[in-house]
Amino acid sequence: MVTYFVLKKLKGRFFGSALAGSNFKVINAYGWGIQFRKNSLQNLIVEYLGVFHLGARIRNRILTGILEREDHTNHTLLDAGCGVGLASIYLSSRFCEVYGVDIDPLKIKEAKILAEENHLKNVNFKRADLLTNGFINEKFDVIICFEVMEHVVNDKKLIYNLSKHIKNNGQLILSVPSKTLLSRIAQKSLDHYKVGYTPNDIKKLLSGTKFKITDEFSFGKSILGKSVIACDFIFRKTFPILAGIFFPIFYPLLMLDSKLPKFGTPRGFILVISKK
């Protein structure tokens, strides 16, 4: 009986659980994909534990903590560079309406399928180029843009375009890699135009806008955090199955990272940028 209630509470709770009912292949930034099949053991694990992707999970954990500080029930969200829509779908219960945009038509097609399979009525997906003026008509209370800036040829234009679609007193929550050796290695294999950013780099990009950085978070800032992320990166580049096997160990260790002393440059930053 206790097991039943525990499983019921866990079902669909974690980031990526929306993939449990899917039947398609998701390609990640490393160029290899995971085939999901309905009623498979893999999909069952994802349904109750979420996706075993270290970077996505720790970034989403930080994002969720930020969003929990305010009631967003009557707010709208834009997921800029949404991919297959995992964040859009995961956050849909917190917002009255969610929009996800991405330049890749296949990812938008898959995102729409996921939203339909999960019976979501308040999530909309659209193919759009974030560097195009007027890429969407609406304005939003919150915009998230995670791991996108390093992929675009004109990051200042991206910031400018996003600024046009945030309501007054709204927020842009930005996730970017930092300038570390691991970022330099990743740049060569992950199609990045930029190695990474510092908060000061972002401040310079914000010049001329009504944006101001009001909060700063990071991950991979301790020796433990850096070691865990480095091992996960090596596994994903060489033996991807090991990244999944070690995820239940790596993720709790990375959660401890925020409590440990800082050592050098963090692996990545999540910045809360407010529009006044």
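See the structure shown above.
Residues numbered from 1 in each chain as written. Predicted model: local features only at pLDDT ≥ 70, side-chain atom pairs only at ≥ 80, totals over all residues. Heavy atoms only, no water.

As a further point, take the pairing of strand S7 (residues 166-177). Most of S7 sits inside the fold, with nine of its 12 residues counted as buried. Where strand S6 (residues 140-146) meets S7, six bridges bridge the pair, whose relative direction is parallel. What sits directly across from Phe146, in S7, is Ser175. Taken together, S6, helix H6 (residues 155-163) and S7 constitute a β-α-β crossover, and its handedness is right-handed. One ladder, built from seven bridges, connects S7 with strand S9 (residues 268-275); its direction is antiparallel. Counterpart to Gln171 in the pairing with S9 is Ser274. (Buried < 20%, exposed > 50% of the residue type's maximum accessible area, 1.4 Å probe, protein only. Helix = DSSP H or I, 4+ residues; strand = E, 2+ residues; numbered from the N terminus. Pairing = 2+ DSSP bridges. Right-handed = clockwise from strand over helix to strand, strands pointing away.)

The sheet built from seven strands is open, its strands ordered S5-S4-S3-S6-S7-S9-S8 with mixed pairing. Pairing within the sheet leaves two strands with one partner each, and these edge strands are strand S5 (123-127) and strand S8 (211-219). The mean inter-strand angle of the sheet, taken between neighbouring strand axes irrespective of direction, is 15°. Bridge count between strand S4 (residues 97-102) and S5: five bridges; the pairing is parallel. Paired with Val101 across the bridge in S5 is Lys126. Sitting on the sheet, H6 is in contact with strand S3 (76-80), S6, S7, S8 and S9, with an inclination near 150° to S7. (Axes fitted to C-alpha atoms, helices over the stretch in contact; angles between N-to-C directions. Contact = heavy atoms within 4.5 Å.)

Summed over the entire model, instances satisfying the criterion amount to seven aromatic pairs. Note on Phe235 and Phe250: the rings are 6.1 Å apart at their centroids and 15° apart in plane angle, and the pair reads as stacked. Taken together, the residues span a long stretch of sequence, with Phe235 in helix H9 (residues 223-238) and Phe250 in helix H10 (residues 240-256) at a distance of 15 residues. There is no split in this pair, since Phe235 and Phe250 are both buried. With a centroid separation of 5.3 Å and 10° between ring planes, the pair formed by Phe247 and Tyr251 is classed as stacked. Here Tyr251 and Phe247 lie together in helix H10, a separation of four residues that amounts to about one turn. Its relative accessible area of 5% is what places Phe247 among the buried residues. For Tyr251, a relative accessible area of 12% gives the class buried. Members of the aromatic cluster, joined through ring pairs, are Phe52, Phe247 and Tyr251. Here Arg57 stacks its cationic end above the ring of Tyr251, 5.2 Å away from the centre of that ring. (Phe/Tyr/Trp six-rings, centres within 6.5 Å; stacked < 30°, edge-to-face > 60°. Lys NZ or Arg CZ within 6 Å of the ring centre and 35° of its normal.)

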